[in-house]
Amino acid sequence: MFRLISMLRKKGVLAINKRNADYVLRYNPRRLYPLVDDKLRTKELAHANAIAVPELYAKVELEGQVHHLQDVLDSKDDFVLKPAHGSGGEGILVITGQVNGKYRKSDGLLIDRDELNHHIFNILGGLYSIGGQPDKALIEYRVLFDPIFDKISYQGVPDIRIIVFLGVPVMSMVRLPTRMSDGKANLHQGALGAGIDISSGVTLKAVLGNDIVAAHPDTGSSVTGIVIPGWEELLRLASRCYELTGLGYQGVDIVLDRQKGPLILELNARPGLNVQIANNAGLLPRLALVEQHHQDLKDVSQRVEFAKGHFAA
Amino acid sequence: MRKSAGQLNKLHLYIVASVLTVAGLGLFLYKALALGFPLLPRTTTEVWTVEARVSFVAEDKPVKVSMFIPGSTRRFAVVDEHFISSGYGIVAAAEGGNRVVTWSIRKASGKQNLYYQAVIRPVRTASPVPEGEEPAIEAPKFKGPSEEAAKALIADIKAKSADTPTFVGELIKRLNNPNPEDNVKSLLGSKPTQARKVGQAVRILAYAGIPARVVQGIRLQQEKYDFSAKTPLLRWLEVFHNKAWISFDPIRGKTPVPGDWLPWWRGSQGLVQLEGGSKQRVILSLSPKVEEGVTAAVQRGEISKPLLLKFSLFSLPVNTQAVYRVILLIPVGAFLLVILRNIVGIKTFGTFMPVLIALAFRETGLFSGIVLFIVLVSLGLTIRFYMERLKLLVVPRLAAVLILVVGMMAVLSVVTNSLGIHRGLSVALFPMVILTMTIERMSIIWEERGAGEALWAGVGSLVTAALAFLVMNIKYVEHTVFVFPELLLVLLAATMLLGRYSGYRLLDLYRFKALASG
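On a predicted model such as this, the values are computed, not experimentally measured, just so you know. (Residues numbered from 1 in each chain as written. Chains lettered and ligands numbered in written order. Predicted model: local features only at pLDDT ≥ 70, side-chain atom pairs only at ≥ 80, totals over all residues.)

### A word on the interface of chain A and chain B
Part 1: Taken together, the contact pairs 30 residues of chain A with 24 residues of chain B.
Part 2: Elements with a minimum of two residues in the side of chain A that touches chain B: α1 (2–11), α2 (16–27), α6 (113–124) and α8 (275–279) of chain A.
Part 3: Ranked by the residues each element gives to the side of chain A that touches chain B, the list is headed by α2 of chain A, at six residues.
Part 4: Broken down by class, the residue content of the side of chain A that touches chain B amounts to 14 nonpolar, 10 polar and six charged. (Contact = placed C-beta atoms within 7 Å. Helix = DSSP H or I, 4+ residues; strand = E, 2+ residues; numbered from the N terminus. Nonpolar A, V, L, I, M, F, W, Y, C, P; charged D, E, K, R; others polar.)

### Points about the nonpolar core
Part 1: Grouped together as the largest cluster of nonpolar side chains are 70 residues, with contacts concentrated most on Val 164, Phe 165, Val 170, Ala 194, Ala 238 and Ile 254 of chain A.
Part 2: At seven residues, the largest contribution of residues to this core is made by helix α7 (residues 231–245) of chain A.
Part 3: With sequence-adjacent residues up to four places away left out, Val 170 of chain A is seen in contact with Ile 163, Phe 165, Leu 283, Arg 286, Leu 287, Val 290, Ala 307 and Phe 311 of chain A.
Part 4: If you look at the next biggest cluster of nonpolar residues, it comprises 48 residues, including Ala 150, Leu 153, Trp 236 and Leu 274 of chain B. (Core = buried A, V, L, I, M, F, W, Y, C linked by C-beta atoms within 7 Å. Buried ≥ 20, exposed ≤ 12 C-beta atoms within 10 Å, placed from the backbone.)

### Notes on the sheet that holds strand β5 (residues 212–219) of chain B
Residues and elements named next belong to chain B.
Part 1: Taken in spatial order, the four strands line up as β8-β7-β5-β9 in an open sheet, and their pairing is antiparallel. The open sheet has two edge strands, β8 (244–248) and β9 (261–266), and neither has a second partner. With strand direction ignored, the average angle separating the axes of adjacent strands in the sheet is 40 degrees.
Part 2: Pairing of β5 with strand β7 (residues 234–241) involves six bridges; the strand directions are antiparallel. (Pairing = 2+ DSSP bridges. Axes fitted to C-alpha atoms, helices over the stretch in contact; angles between N-to-C directions.)

### Some words on the pairing of strand β9 (residues 192–196) of chain A
Residues and elements named next belong to chain A.
Part 1: Within β9, five of the five residues are buried, leaving the element largely enclosed by the surrounding structure.
Part 2: Alternating residues of β9 divide into Leu 192, Ala 194 and Ile 196 and Gly 193 and Gly 195, and every residue in both groups is buried.
Part 3: Alignment of strand β8 (residues 168–176) against β9, held across four bridges, turns out to be antiparallel. Directly across from Arg 175, in β9, lies its bridge partner Gly 193.
Part 4: The loop that links β9 with its antiparallel partner strand β10 (residues 203–208) comprises six residues; one of these, Gly 201, has a positive phi angle of about 75 degrees.

In structure tokens, the structure reads:
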């Protein structure tokens, strides 16, 4: 066991106690949390700063408003329903189309309007929000992901998670939905995580659960060596989120839409640690390097250059 | 710059923690060493308060009430006696080896209440104290066939016993035989009461030349004896042997009697003799008092440091003290939870849910507690899954589950009670709101992340609760936090220090195992 501890130390693996004590508590002032915990506020903030996000079709704050949704739902063939305060991808319902007044979910099953409403009620009642607080439901644009991921994802939307520390992108991975994850891009629900080389934007090996894999379990295609298009732009986008929220340590989730390009999906003030497994590398050395140099990094370009120069796989 | 602020925070924390530790330990050492508060719980020095209440209706005539009262023996010291009665004259006197209190008044009418109170303190004396001369025996008279039966029985037992104790033991065994021999049958008659058996044993022993007497007393347990309902008191035998009276358990024939049997008086007379009244009723009640060691230490402290103890838990009424005995265990459970969650990394439903479940386990017992918990949660989950189809809003659904949980608890109590499983009754002590939230969280995790993860978190909660119970149930822990609550400051300091523990959790090692290999 002590060997294991010293191995993890040597590799600089950041674990949950240290993340909370030395990074989240120290660099993320609590008053800033609502900016990212409420996805509606994140969206508004991003709008104000000309950062692209999925378009908001409608929001529901009270049970009664459900009945006024008909127009919105009729006009949009596909959409995503999500809680404003959800965490870990819980409570997200993706509708890919409508058939005879019913709604087709991303897994192909149909649900009727009552079931859709029930899901909204669950969201409003706080079923998915942190601490069970009453919540808002958001209906927004369904991302049509870039064809580059067609062969390595099963339903759902693959997203790119970039850990940004004091404005410097330090580690990244792409999360690929699988049959097991029910089309969700969440690692602990069974999604595939592939590390991305910060300097080049090329995918590395992937992890499924705790195992390292080379191919997507459902499609069989290799997930290694894929070049993320417009990587530099993604890094700049992620880096800008530091000024956007003021959070020193955050996770930026980006999706690549085939028409609209990169969109910020959500920001996270307590990003998970699995990115380390996907990259087969510890965060601590990179975080320490940024702590040392961030005073000299004046703007987004310098920070991105620093990241590309120091964090090659 | 930020880093130095962090170090400053750490220094601040260390200072606070050491101040707390020093204060807590200092007070603890002072109480333990200077005031002599006992470090360990003492099970045998429990002190009891007994109270006898005699009530009757006076008939406008002179009233005289005599009641036996317990005296100090080599096993019990009777102290702090009080006689409470308005207008009555009181005489306490020794009478044929017993102590008797006599209340008398020239004239009284209406309902009367007389009280006797005393504190009984068990004492430990190694061997019986010699009482000197053997008492004279008045040979009892048996009638006709009984005499022959007694003679035969005595001869038979004498042939099979070595000395007086074995003789008495054998006699008691025969008298209690469910299929008695003919001699015993003719001595006891059909369906003899325990009182008759003990009475006849005394007579047979006397016939055999062994001085013996009946002792009546009570068991030092928290209960009430009500004499108008003719509740039999404990009766046992005392036999004079080797210049001392030794007692015999009247059922098992063993000597001595159990340590919690308090002799009240000798002889087969009733407890109370009443003249000039009717509707007599006697109620004996017993209650345990705080441990003697603590009382003594408190008394010492009250003399030397009045302020320190005036504001201590011992200044509270006894039943409030009992509540705090439990409440003070919660911090211990919470501390354990911090270790299990932040150092081991176990996942539980709700932060402090396991501690509350553990408190319930104290009443239900560990095994039946776990069974009850599993039964309740699985029933609740089944109903919850059914409710999922009804598509209820969140808060009404939670309320519905809560109502069902309460209903299930009631049903479970009734069913287990009728089956004779009395442990089932204690299901009522489970915190039902916490159970409801557990069921809700579990069903959500079940749907969103699968049965495996839900069950895993359920098992984690249950294991944590069981561990918390095992720690909180240690007698020393309960004693220590109650007698030395200042140690909670030390616990607080340790908890705060753990709050800055940023090393790996035990389960992190498993999670990041893949990273250690290459």
